[in-house]
Amino acid sequence: MRVTWEAQGGQAAAIRLGLPPKVLDTDALTESAAGELDRLVSAAAPEAGRERPSRARDAMSHTITVEDGGRSTTLTQSEAAMSPAFAALLGWLEKHTVEH
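Residues numbered from 1 in each chain as written. Predicted model: local features only at pLDDT ≥ 70, side-chain atom pairs only at ≥ 80, totals over all residues. Heavy atoms only, no water.

Caption draft 1: Representation of the overall build of the protein. Across its full length, the protein holds three helices and five strands. Across the protein, helices and strands are ordered from the amino to the carboxyl terminus as β-α-β-α-β-β-α-β. Residues classed as buried in the protein amount to 35% of the 100 residues present. In the protein, once contacts between residues fewer than 6 apart in sequence are set aside, the share between residues at least 24 apart is 65%. Accessible surface for the protein amounts to roughly 6300 Å². Of this, 49% is attributable to carbon and sulfur atoms. (Helix = DSSP H or I, 4+ residues; strand = E, 2+ residues; numbered from the N terminus. Buried < 20%, exposed > 50% of the residue type's maximum accessible area, 1.4 Å probe, protein only. Contact = heavy atoms within 4.5 Å. Areas by Shrake-Rupley, 256 points an atom, 1.4 Å probe, with all protein chains shown as cover.)

Caption draft 2: Layout of the pattern of salt bridges. In the structure shown here, the tally under the stated rule is one salt bridge. Two residues, Arg2 and Glu67, come together in a salt bridge whose shortest N-O distance is 3.9 Å. Here Glu67 lies in strand β3 (residues 60–68) and Arg2 lies in strand β1 (residues 2–9), a separation of 65 residues in the sequence. Residue class for Arg2 comes out partly exposed when judged on its relative accessible area of 36%. For Glu67, a relative accessible area of 38% translates into the label partly exposed. (Salt bridge = Lys/Arg side-chain N within 4 Å of Asp/Glu carboxyl O.)

Caption draft 3: Up close: helix α3 (residues 84–96). Between its terminal C-alpha atoms α3 stretches 19 Å, which fits the 18 Å expected from 13 residues at 1.5 Å a residue. Among all positions of α3, only Phe86, Leu89, Leu90, Trp92 and Leu93 are buried. Projected down its long axis, α3 shows its buried positions confined to an angular sector of 165°, all on one face. In α3, those exposed residues whose orientation departs by more than 90 degrees from the buried face are Pro84 and Lys95. (Expected span 1.5 Å × (residues − 1). Arc of directions from axis to C-beta.)

Caption draft 4: The arrangement of the environment of Glu6 in detail. Checked against the element boundaries, Glu6 lands in strand β1. Along the chain, Glu6 and Pro21 lie 15 residues apart, while their C-alpha atoms are 4.9 Å from each other. Residues in contact with Glu6, not counting those within four places in the same chain, are Pro21, Ser61, His62 and Thr63.

Below is the structure:
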């Protein structure tokens, strides 16, 4: 599985403009870490498509793309309306990804 993560918008959008996405390949992870990532993706996927009310116009949004076995799934949520499962996945990725 290969996961890419990037942030868009927000008040610091100009700083991130042109930065490459962060990338994580499960081949570089331990079996335990890869299993944990798979569980987090499975939990976040159903939540990522649901709209949640948001009042923050300048909120940053996050896009996580998961490529696995020829399938690609894109998950997007705003910081102002993020589900707990998406936040857990995002936090885990922030600790384990490198810029590419």
